[in-house]
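Summary of the model geometry
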Amino acid sequence: MDINFTLNGKKITCEAEPSDTLLDVLRYQGCFSVKRSCYTGECGNCAILMDGKLLPSCVLPAPQAEGHQILTVEGLSEGQDLHPIQKAFVETGAVQCGFCTPGMILATKALLDRTKYPSLDDAKDALGAILCRCTGYYQPLEAVMRAAAYLRGEAVPPYTRPEESVIVNPKDADRFHWVGKSVDKLDAPKMAKGKPVYVDDIELPGMLHGMLMTSPYAHARIRDIDTSEAEALPGVHCVLTYKNVKRQIYASGGQTYPNPKPWDQVCLDNKVRFVGDRVAAVAADSVDLCMKAIDLIKVDWEVLPAVFDMEETMKDGAPIIHDEPDAYGVADAAHNKAFVIDAAYGNLQDDFASSDLVVERVYHTQQVQQTPLEPHIVITWLDENDRLVVRTSTQVPFHVRRIISPLIDVPVKNIRVIKPRIGGGFGAKQEVLLEDLCSLLTIRTGRPVRFYFSRKEEFQSSRSRHSDRIRFKVGVMKSGRIKAIEMDMIENTGAYGVHGFTVCNVTGTRGLSTYRADSMRFHADIVYTNLPVPGAFRGYGGPQGIYAVESIMDEVAEKLNMDPIKFRMKNVVRPGESIKIMDKLAEFDPVPQKVNSFGLEECIEQGKKAINWDRKRLKRFHMDPLRPNIRRGIGMAIMMHGSGIAGIDMGAASMKINDDGSFNLQMGATDLGTGSDTILAQIAAEVLQIPVNKIIVYSSDTDFTPFDVGAYASSTTYISGMAVKKCAEKIKEQVLERASAMLKQPIDVLVLRDEKVFAPDGSSVTMEDIALNSLHRTNQQQIAATASHFSPECPPVFAVEFAEVEVDVETGQLNVEKLVMAVNPGTVINPVTAIGQLEGGQATALGYAVCEEMCYDGKGDMLNPRFGDYHILQADEMPEMVSIIIPQGEPTGPFGAKALAEIPTDGVAPAVANAVADAIGVRISSLPIVPEKVWKALQEKK
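Thresholds, definitions, all that
- Residues numbered from 1 in each chain as written.
- Predicted model: local features only at pLDDT ≥ 70, side-chain atom pairs only at ≥ 80, totals over all residues.
- Heavy atoms only, no water.
- Helix = DSSP H or I, 4+ residues; strand = E, 2+ residues; numbered from the N terminus.
- Rg over C-alpha atoms; globule rule 2.2 N^0.38 Å.
- Buried < 20%, exposed > 50% of the residue type's maximum accessible area, 1.4 Å probe, protein only.
- Contact = heavy atoms within 4.5 Å.
- Areas by Shrake-Rupley, 256 points an atom, 1.4 Å probe, with all protein chains shown as cover.
- Lys, Arg positive; Asp, Glu negative; His and termini not counted.
- Charge placed at Lys NZ, Arg CZ, Asp CG, Glu CD.
- Expected span 1.5 Å × (residues − 1).
- Salt bridge = Lys/Arg side-chain N within 4 Å of Asp/Glu carboxyl O.
- Pairing = 2+ DSSP bridges.
- Right-handed = clockwise from strand over helix to strand, strands pointing away.
- Domains from an automatic or database assignment.
- 1 Å grid on protein atoms, 1.4 Å probe; cavity = no way out; pocket = protein on both sides within 12 Å on 5 of 7 lines; lining within 4 Å.
- Points joined across faces, edges and corners; volume = space filled by probe spheres on them.
- Nonpolar A, V, L, I, M, F, W, Y, C, P; charged D, E, K, R; others polar.
- Phe/Tyr/Trp six-rings, centres within 6.5 Å; stacked < 30°, edge-to-face > 60°.
- Core = buried A, V, L, I, M, F, W, Y, C linked by side-chain atoms within 4.5 Å.

Labelled according to an unreviewed UniProt entry, the chain appears under the name CO/xanthine dehydrogenase, Mo-binding subunit, originating from Flexilinea flocculi.

1. Examining the overall build of the chain
Each helix and strand in the chain was counted, giving 24 helices and 34 strands. For 942 residues, the compact-globule estimate of 2.2 N^0.38 gives 30 Å, and the chain sits close to it at 28 Å. Dimensions of the chain, computed from the C-alpha atoms along their principal axes, are close to 85 × 75 × 60 Å. Relative to its full complement of 942 residues, the chain shows a buried share of 65%. Summarising the internal contacts of the chain: among those between residues at least 6 apart in sequence, 78% fall at separations of at least 24. Put simply, the chain shows about 33000 Å² of open surface, and 50% of that area lies on carbon and sulfur atoms. The average position of the 100 basic charges and that of the 122 acidic charges among the side chains of the chain differ by 4 Å.

2. Quick notes on helix 15 (residues 542-559)
Between its first and last C-alpha atoms helix 15 spans 26 Å; for 18 residues at 1.5 Å apiece the expected length is 26 Å, and the two agree. Among the 18 residues that make up helix 15, 16 are buried, leaving the element largely enclosed by the rest of the structure. Just downstream of helix 15 lies Asn561, where phi reads positive at about 60 degrees.

3. So, the pattern of salt bridges
Counted according to the given criterion, the structure contains 62 salt bridges. The partner of Arg133 in a salt bridge is Glu852, with the nearest N and O atoms 2.8 Å apart. Of the two residues, Arg133 sits in the loop between helix 4 (120-127) and helix 5 (138-151) while Glu852 sits in the loop between helix 22 (831-850) and strand 34 (880-885), which places them 719 residues apart along the sequence. Glu852 gets classed as buried once you look at its relative accessible area, which sits at 2%. Here Arg221 ties to Asp323 by a salt bridge, and the two come within 3.1 Å at their closest N and O atoms. Pair noted here: Arg221 is in strand 7 (residues 220-226) and Asp323 is in the loop between strand 11 (298-303) and strand 12 (337-345), with a separation of 102 residues, a long-range link.

4. Topic: the pairing of strand 33 (residues 814-824)
Taking burial as the measure, the 11 residues of strand 33 include nine buried ones, the bulk of the element. Across 10 bridges, the pairing between strand 32 (residues 797-808) and strand 33 is antiparallel. Looking at the pairing, Glu804 lines up with Lys818 of strand 33. What sits between strand 32 and strand 33 in their antiparallel hairpin is a turn of five residues, with Gly812 showing a positive phi close to 85 degrees. One crossover worth recording links strand 33 to the parallel strand 34 by way of helix 22, and it is right-handed.

5. A short note on the domain arrangement of the chain
Interface extent is often summarised as the accessible area lost during association of the parts. By the assigned domains, the chain splits into domain 1 (2-75), domain 2 (84-193), domain 3 (208-304 + 371-461), domain 4 (322-369 + 463-580), domain 5 (597-639 + 794-941) and domain 6 (650-790). Relative to domain 6, the C-alpha centre of domain 4 lies at a distance of 43 Å.

6. A look at empty space enclosed by the protein
On inspection of all chains with the given rule, the structure shows five cavities of 30 Å³ or more. In this model, the largest cavity occupies a volume close to 230 Å³. Lining the largest cavity are 22 residues, and of these Gln265, Val266, Asp277, Arg278 and Tyr496 sit closest to its centre. Considered class by class, the residues forming the lining of the largest cavity number 11 nonpolar, four polar and seven charged. Summarising the domain contributions, the lining of the largest cavity has at least three residues from each of domain 3 (208-304 + 371-461) and domain 4 (322-369 + 463-580). Of the pockets and cavities examined, the second largest cavity occupies roughly 110 Å³.

7. With respect to the packing of aromatic side chains
One pass over the structure, following the stated rule, counts 13 aromatic pairs. Here the aromatic rings of Tyr39 and Tyr452 are separated by 6.2 Å at their centres, their planes lie at 25 degrees, and the arrangement is stacked. With Tyr39 in the loop between helix 1 (22-28) and strand 3 (47-50) and Tyr452 in strand 18 (residues 449-452), this residue pair connects regions lying 413 residues apart in the sequence. The exposure class assigned to Tyr452 is buried, which follows from its relative accessible area of 15%. For the pair Trp263 and Tyr328, a centre-to-centre distance of 5.1 Å together with 45 degrees between the ring planes defines the contact as tilted. A residue pair is termed long-range when its members are at least 10 positions apart, and Trp263 in the loop between strand 8 (236-240) and strand 9 (271-272) and Tyr328 in the loop between strand 11 and strand 12 qualify at 65 residues.

8. So, the nonpolar core
Phe5, Phe472 and Val912 are the most contacted members of the largest nonpolar core, which has 173 residues in total. With nine residues, the top contributor of residues to this core is helix 23 (residues 908-920). Counting 43 residues, the second-largest nonpolar core is a separate cluster that includes Ala685, Leu688, Val765 and Ala897.

This is the structure in structure tokens:
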């Protein structure tokens, strides 16, 4: 049928099926700003304006567009110009991964069309229709208010909140030219304009659609599978099952070679181990045909007993989840133990015996999902040389290439992996989930294939954060000195062990690294269950360990009648001290670590002022006479997180000069929306003393960029940044050598600044002069360099989190009123992106603390695999947030920088838990802290 409507000011007629959604039709028309994300109208990433009203296009039948005016972000501006709303979003750093940005921009336009003078609550209500997983909403809200001022015709001052959040020593204020400055993200304008920058934003001739058939059972064996009817369906081109795919044991986690054990996966197996596990893959002419083909696949199931509890699974007689003979490195298959960790130093038994006080508690953390707004998606094709090209939304393009090579029987040299812009990762995309199957479908059919997860599949078949049971035992003296700490935990790794050992290792490291003790012990059982598989998630085990240790430390301080901050600072590791437990815990061989830069004391002082800590002692603060059912509390937590993986992570960069004195910077480092492309360009610009816009960045393409492990472990700025700095310094040497010959002056007297090289006599040559001379005139050579970097150190970042809460003692309702985070990430390369990381990480962590949880029925089927039921915090639910940065330089990092991205996820849960205990006098020992738990705890107290 034909549909007639006006799209971005132009009348169009297009064909559509009655079953088509308006989202599909708009993307066929080239409007790639409307995103495929939830398919249920709950995230707003597909938003449009229809006759001025904000609507989700993913649930609107296409025929309903008939006769209407439809506006997408593409219609807001032309050419290089930005609409004032787009400009405001770019300037405030509100564009991170950018996937939700078009929806937010349209929500802002709808609001500002209604009112020229919106309140902050109006802005929150408007953006409440759009889910964001990156920003924490503060910068988008500031963008709304800034855009309103632009549209009123006001003179809008520069955006300075990020710089105001950085507590800089005055003597360091003008130390750098580009480092430490809030440079707009290089990719922000194109994402604000809705450009086709993501994996899904291309159409290839003859492209097929791929789809996964998943298991309806938590544990079952496939006696037989019949695909004949599916294969006979016209338009179906390939069906993959365990019968026609090579059985190659592997681990799907995007980690360093060799992947940590266990290796317990194959592409397609004759046994399934969780609801959502792989059964078959189909390639067909359309999505509808894929679904029909899957319905025609006949499976003869032998349903097996399943186990979901992490303690029950270790018992004798429990169902054995991995009984296959070719699994490699499983610690104890008979008791469903994927891995066991034991590490200790000192004499634990004697130190507990001699302690004046011993406190022992058990904590439980839940399974939560990363929920990137862009689901996993891959497009594969064969290029003109019959090499396989994999265009994928991944954090680890080089690991993807290496891992899929033996699975698909294609040598690494014949595989090219490209990572375009990525609509959020958060660890979920540090994994090979679709690339192998999509590649096989292309190899079998010779056609391009597009393969993606639905939102339900993203919840069930992707990855998540591990749930844990953590027992802490702490022995202290009356003076407050810690004598002994024991940490014993069970980690639920679900159906497969991928990331299980390494995440658990970090949980132990984070739980036992912050404080000194005469003795420590860490024991962990990483166990299989028949639940969906956890993996990497921002913080990578840190949030679980820090929640537990900071909860018990608060209680120990209370029992000693000591101020919780004074107790912590009495025991925290200090500069120059070694972190003893890290001599025992490591991914491969332990690498001893010590503290270099610190800054924690100033973080605490600044945080105390911002939260008004001294109110905690006042009875009138805790109780409100006008609201007798409300209790207030303040809590805090100290966090420590590493910068990369010592002795393992490596990044590389290459640069070359162009005729006009600009430079190409090529890196394997993967920008997830964090702004790493911009930050790394700033590092290069600082070395070469040229504007950032003179650096053209190209990253994450295994054919054209140097190797990098990828975006994880908070390593990009610290590791890849140092590679870029080394590379730029090599370029600088060559520039000065060429300038020396041109100016006939010794190198050591030349000065590089403002795109020129100056000699003492005042003579100079521009960077363009140098480029033209070196490329065309004299002793021609390409000024170019490559450098790589790895570090034997992973300098810890220290931070403190404060939380203020209100609790209704009649209902158990918990409201987090304020969060304050103060952190020392070393030198801040870009304040505006840094603030975005702090606020976005805290927003994710707040959901972990108070509302998010993957829930299952008795058969292991997830009950809430959609945004409407899985509660991600919205803009109108966010508390006041204060972010403070204490930039004390790290001697081993680029210009003194170290990590920042993961530590914001670590401290919110324990700070909120401790604030709740301060408010009501009862401690909640499991996450999330929902009203039901609070109410039950209050009833038990009575």
